[in-house]
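# What the coordinates show
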Amino acid sequence: MNIGILASPATSAIDIAFTAKTTEELGFDSIWCAEHPIIPVRYSTPYPGSSDGIIPDNYHHIVDPFIFLARASGVTRRIKLGTGVCLIPERNPLLLAKIVSTLDHFSDGRFVFGIGTGWLREQVEIMGGDFEHRWSQTKESLEAMKVLWAEDAAEYHGQYINFPAVKSFPKPIQKPHPPILFGGSAKNIFKRIVDHGDGWLPNRATPDDIAQAKTTINNLCKRTGRDPSTISITVFHIFGPPDNPRLIQAFFSAGADRVVVRPKDVSTEDEMFAELHRLATLLVK
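These figures come from a predicted structure and were not determined experimentally. (Residues numbered from 1 in each chain as written. Predicted model: local features only at pLDDT ≥ 70, side-chain atom pairs only at ≥ 80, totals over all residues. Heavy atoms only, no water.)

Moving on, we come to helix H3 (residues 93-106). With 14 residues, H3 extends 20 Å between its outermost C-alpha atoms, agreeing within 8% with the 20 Å of an ideal straight helix rising 1.5 Å per residue. Considered for burial, the residues of H3 that qualify are Pro93, Leu96, Ala97, Val100, Ser101, Leu103 and Asp104. The buried residues of H3 all sit within an arc of 160 degrees when viewed along its axis, so they share a single face. Away from its buried face, by an angle of more than 90 degrees, H3 presents the exposed residues Leu95 and Phe106. Where the residues of H3 are buried, they touch helix H2 (65-74), strand E4 (86-87), strand E5 (111-116) and helix H5 (134-150). (Helix = DSSP H or I, 4+ residues; strand = E, 2+ residues; numbered from the N terminus. Expected span 1.5 Å × (residues − 1). Buried < 20%, exposed > 50% of the residue type's maximum accessible area, 1.4 Å probe, protein only. Arc of directions from axis to C-beta. Contact = heavy atoms within 4.5 Å.)

Within the fold, Arg121 resides in helix H4 (residues 121-126). The class for Arg121 is partly exposed, based on a relative accessible area of 27%. The spatial distance from the C-alpha of Arg121 to the C-alpha of Ala97 is 24 Å, given a sequence separation of 24 residues. Here Arg121 is in contact with Thr45, Phe131 and Glu132, once residues within four sequence places are set aside.

Per the counting criterion, the structure on display carries eight aromatic pairs. Ring centres 5.3 Å apart and planes at 75 degrees place the aromatic pair Tyr47 and Tyr59 in the edge-to-face group. Of this pair, Tyr47 sits in the loop between strand E2 (30-33) and H2 while Tyr59 sits in the loop between E2 and H2, placing them twelve residues apart in sequence. Neither Tyr47 nor Tyr59 differs from the other in exposure class; each is buried. On the numbers, 5.7 Å between centres and 40 degrees between planes, the contact of Phe111 with Phe113 is tilted. Grouped by ring-pair contacts, the aromatic residues Phe66, Phe111, Phe113 and Trp149 constitute a single cluster. The aromatic ring of Phe131 is capped on one face by Arg134, whose charged end is 3.8 Å from the ring centroid. Lys171 extends its terminal NZ or CZ atom over the ring of Phe169, reaching a point 4.6 Å from the ring centre. (Phe/Tyr/Trp six-rings, centres within 6.5 Å; stacked < 30°, edge-to-face > 60°. Lys NZ or Arg CZ within 6 Å of the ring centre and 35° of its normal.)

Mapped onto the elements, Ala186 comes out in the loop between strand E8 (180-183) and helix H6 (189-196). Overall, the relative accessible area of 34% leaves Ala186 in the partly exposed class. For the pair Ala186 and Thr19, spaced 167 residues apart in sequence, the C-alpha to C-alpha distance is 32 Å.

With respect to the helices and strands, the residue Thr234 is situated in strand E10 (residues 232-237). Of note is the side chain of Thr234, whose polar atom sits 3.0 Å from the side chain of Arg258. Look past the residues within four positions of Thr234 in its chain and what remains in contact with it is Trp32, Leu181, Trp200, Leu201, Pro202, Arg258 and Val260. (Polar contact = N/O pair within 3.5 Å; in protein donor to acceptor, adjacent residues only side chain to side chain.)

Dropping the structure here:
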């Protein structure tokens, strides 16, 4: 089974080089990092992961995912390196395309591009995104980046993204680009994935949700002529206990290709090793 580790924000105080190397040695298939560049001091958007709507303190300490993954890539050779998720409306696509292709280049094609549009209105707007039209902005960014990754002289002209012919190298190792996995559960998420992406990355899903999603994706692929085997499902099981082998197996039985779990919060490398070893013993076959 492909089991990944979400190593932030719980492990931001521990050197990612240690966590990544240990993750690979214990047989996990991937390591992931979330993104929240800033957290507003004042906000009215409720946090969806708690009953009181208050954003947890550890969200304030999430490191930059690409620096995190670049350090992880330098001490590993096999595991995938994923963003879970990169907030597209909060980044310049010209710079982001370069960052993605550079990481994919130096990791020898191991990067997985998990993306999202952002749920925290105040953060999106502070970072320059258009919250009400963040999918439209994300769609243009993806289209622009795909052009930058594929063409020697790339240009794009849209409502949000607009640039003349430019050169951007290196190109990604993976062709035509690293797999793009869409996070979230928006109304049109599966159509967006079939039209623009390579997989789904839900973080609040049940095995039944995965089975239904698999059917929906297969039906959409038939209508569009796309091979459904080109679309993966990676379940982010990060809001419940990570040490439930029966539930993890149920996700795979329902059609998931990978399940990502989050280790409990620890403070030292010894504690992190013990926690990862415990999870590997339970989950990695």
